[in-house]
Every structure is written in structure tokens, then in C-alpha cells.
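# Structural characterization, general
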Amino acid sequence: MTRSAKRQISFADVEFLAQGVSLEPTLKAISDFLDQHGHLVEKVRRDLERGLKNPKTGRNGLTAQQVIRSLTLMRIKNWDYRELRERIADGYTLRRFTRFYSDRVPKHDAFNRSFNRLTPATLEAVNDVVVKAAVDLGLENGKKLRVDTTVVETDIHHPLDNTLLWDTVRVISRLVKHLDDLLPAGVPGFTNRSRSARRRMQEIQRMTPRDRHEQLVPQYRKLIGITRRVVENARLVLQKTERIHNVDLMTEIAIKALRKEIDHYCGLGDRIISQARRRVLEGEQVPNEQKLFSIFETHTDLIKRGKILKPIEFGHKVFIAESAKGLITQYCVLDGNPSDDDHVESSLKHHHEIFGEAPSIYSADRGFFSRDNIQRCETEGVDLVCIPQRGGKKTPAQEAFEKSAAFKNAQKFRAGIEGRISVLFRGRGMKRCLAEGREHFELLVGAAVLANNLMVIARLLIEKQNRRRKRAA
């Protein structure tokens, strides 16, 4: 991976720079900001060198500058890896912004490997440094703060017990088939039951309400039985193939990886079987925290937020705090479906760490309301706590306060965070995480927030320069 802190410029690069290629104002402002804050790149470089025995030897990979700039560009434009590579390779301005200049742009999978070496903690630290740098430049004073939560989806199909059982059967059967191809003597004693499991799943899917009343439990009993036999047979295969002879080293490594993967999905299959048996056959109400919603994205949570169009969402809840200028000063990927009012204290503490004082206006929706939170904000020094009361009868003083002009203006300010979330979803690719795993999920959120903050800083710097020019004129 990356082994050099700074890439050496070549004669071809000198000729490239002599062409007079200029960046568009936004990209130029972001590029200048990154050049002036080299400690951001240093944090990225440490992640890229993590695990390397000697970073100063070997083939050159992407530098830290190229990684953070390419990642920012990818999220700003909401491109996938292939389009990112093609756009950089085809454009002089993007080559200059990403610091590739006249070099050959690597394939898309090189960007993927480099981005995946970053950790969520590093991106969070980079975002904190970016916000503090904006404060030091006088771009944000932290007088106003608005907070909200949203849901970022994981890349799964709608989970039903029958489809989860079918997923278990087809995945284990496919892996055992791969193992059979690698073993010299094949896999003994495994029957492929994919077709029968698929038919049972489809029969359940196509049932009418009347059929469900009469045939649902018998069909589920058959599908659960098929899945249980597949899992048991797969475990027998693992026992019989524990000792392998007469294979080369690479084949042995592939066999061990396959056996580990089969064992992993057998464990998940046990959970799916138990979950389906308890829910369908025994009629038990299984708590959400004990459910498994996907065998591929096992970290997925079920979120209910009372939305009419989307009563149930599958992914993770994300807390976001935004300043008046549009900087996202804090973000956090949450576990489960915690109440919104749990995050007021932490947001005030984080805001105080960045700006040195509490905001004058703290604005949120009614989900963040509690008497303790109102008192905590007032104790911290918030002048206007704009959180509408949730539940109960309002006192005359509370009604008068919520009808005041200051409260209404603060609520108008709060509504702006909905637009920021929309931008993150539509323009920064945060609507749905297509990568696998909780860590990649957090990387997506962190990269989207970083791109947003750099775009906001670029806009503020351009506005600041324009004001100086007007005063000078």
C-alpha cells in the first residue's frame, strides 16, 4: 500500500503544471485548505502504513494526499469506484486536484483497498480537526446548534423468516459446492437441498390470506426442517474434512478459508432456525434485539421512528449536530433504536470541547424533549432552548413560550438540518451503504460528513475572499 509520505515530482509533472490548468473555485478552495493543514494528511498516512513491516520499501501505492483527496472527490460527486477512476484518468483538473498529475491512475480496486484501510476513528478525528480549523479561521462561531437523527440503510432485502431460511440454505450449499471442487476426493455425504428449499419459500410467498391461515405453519415446518438438515450436514462435512492430504499450499489456504466461512454461516443458520421456530411455530414475540435481519449484514438494526411512509427501516440510526453555517460538528452511528433525548448531554459536551462554550441557541424537534434536558441546557448556559414539549398538557407559560417569535425563528433554523440530511443522502451517497460490515458502514458516514464539511468550508472561504475584494475595490 502507501509507502511514501510525499510523492516525488517528475519532469512530466512539471510539464503538466506548465499547461496552466486551473481548478474550479470549490475544488481549489478545498485543495488549498488541505495543503494548509498537513496534519490531516498525516492521520491518513498512519492508517495506510498500519500493518506494513517496512513502509519505505516495496512498490509505491497511493499516497495519503491522493487517498484523502480521492475519497473527498468520490463523496462530493457521489461516484462509484469505477467512475471515480475513469473521471480522474480523463480529466486534467481532477488529476491535479487528486495529485496524480501525469502519473498512471490505478484501477478502481486500488482505490477500494486504500479507502478500506482507513478506520472510522481516523475519519472522525479528521472531521474534528476540520471543524476546529474552520473555527480557528473565523468561519464559524458556534452560537447556534441544531441536532437531529436519521436512518442510513444497510444493503439488505426486506427480512422475512422464509427468505432468511432460504438465504441460509443457498449460501451454505454454494460454499459446500466450492469446497467439493477443491477437495481431491470431493465432499462426502452432503445433499443439495436448494431446490426444495426454494420451492417451500416461494409457496409461502405466494400464499393468499386464507392459505396462510391453514397452510403457513405446515409449510414453515417443512422449510425449517430442510434448513436444519442442511446445517447439520454441513457440520458433518466440516468434521470429515478436518484433515486434508495431498493438496498444494494455495489450495490448502483456500480450503481453510471455505471451512471457516461454512462454520460462520452454520452458526447464523442456527439463529435463523431458532428465530423462525419461536415466531411462527410457537407464536412467541421475539424481541428486536434478539432478531437477525440478514445473514450478510448481521449488524443491521430494526428502526421504528413513527414515519407514515416508512414505518420500519433497516440499518443504523445516525445522530447529527450542525452549526449555523452548515458544518456538521458531531456525528455518531448508534446501536439499536435509542431515544433521541439520550444525546442532548453528549452534544453539549462535544460542542463545548470545540468552541469552548455552550451555544446561545439549541434547537431540536420534540423527540429530544425532556425536563432534564431542558434543565441541563439552561445549566450549561444555553440562552434559548428550542425543543417543543412532547406529551402532557402544556402550561400557559410553555404555550406562550412556544408561540413567541424567538422560539418560532429557532424552529425555522432547526428545519435546516432536514435539508442537510437530504444533501447527505442525495449528494454524498449516505442513503444506503452498499459495502459490507459495520466498519465500512461507519466509514461511509464519516466520508460523507467529511465531504460535506470541506464543501461548506470552501464556500465560506470563497465568500470571505469575495468580501475582501469588494472592500478593496
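Just so it is clear, the structure is predicted and the values come from calculations on it, not from any experiment. (Residues numbered from 1 in each chain as written. Predicted model: local features only at pLDDT ≥ 70, side-chain atom pairs only at ≥ 80, totals over all residues. Heavy atoms only, no water.)

### Focus: the overall build of the protein
- When helices and strands are counted, the protein shows 18 helices and seven strands.
- The C-alpha extent of the protein, read off along each of the three principal axes, is 85 × 75 × 35 Å.
- When each of the 473 residues of the protein is scored for burial, the buried share is 49%.
- Long-range pairs, those at least 24 residues apart, make up 72% of the contacts in the protein with a sequence separation of at least 6. (Helix = DSSP H or I, 4+ residues; strand = E, 2+ residues; numbered from the N terminus. Buried < 20%, exposed > 50% of the residue type's maximum accessible area, 1.4 Å probe, protein only. Contact = heavy atoms within 4.5 Å.)

### Here we look at unusual backbone geometry
- A positive phi angle, close to 55°, is found at Asn78, a residue other than glycine.
- You can see Asn78 is positioned in the loop between helix 4 (64–77) and helix 5 (81–90).
- Not every positive phi belongs to a glycine, and Tyr101 is a case in point at roughly 50°.
- Along the polypeptide, Tyr101 turns up in the loop between helix 6 (92–97) and helix 7 (108–116).
- Taking relative accessible area as the criterion, Tyr101 reaches 12% and is therefore assigned buried.

### Side note on the pairing of strand 4 (residues 328–333)
- Of all six residues in strand 4, five are buried; the element is thus mostly enclosed.
- As paired elements, strand 3 (residues 313–323) and strand 4 share five bridges and run antiparallel to each other. Paired with Val318 across the two strands is Val333, which belongs to strand 4.
- Connecting strand 3 to the antiparallel partner strand 4 that follows it, the hairpin turn spans four residues, and Gly326 within it adopts a positive phi of roughly 105°. (Pairing = 2+ DSSP bridges.)

### Observations regarding the pattern of salt bridges
- The tally for this structure, following the rule as stated, stands at 33 salt bridges.
- Across the pair Glu42 and Arg46 runs a salt bridge, and its minimum N-O distance is 3.7 Å. Of this pair, Glu42 and Arg46 are both found in helix 3 (residues 38–49), four residues apart, which corresponds to roughly one turn of the helix.
- By relative accessible area, Glu42 is classed as partly exposed at 28%.
- On the accessibility criterion, Arg46 (55% relative accessible area) is exposed. (Salt bridge = Lys/Arg side-chain N within 4 Å of Asp/Glu carboxyl O.)

### Observations regarding the packing of helix 8 (residues 120–136) against helix 18 (residues 438–472)
- Close contact between helix 8 and helix 18 brings their axes to 9 Å; oriented N to C, the two are set at 15°. Considering the angle they form, helix 8 stands roughly parallel to helix 18. Read as a crossing pair, helix 8 and helix 18 show a hand that is left-handed. The segment helix 8 lies against helix 18, with Pro120, Leu123, Val126, Asn127, Val130, Val131 and Ala134 engaging Glu439, Glu442, Leu443, Gly446, Ala447, Val449, Leu450, Asn453, Leu454 and Ile457. (Axes fitted to C-alpha atoms, helices over the stretch in contact; angles between N-to-C directions. Parallel < 35°, antiparallel > 145°, perpendicular 65-115°, else oblique. Left-handed = near helix turned anticlockwise from the far one by under 90°.)

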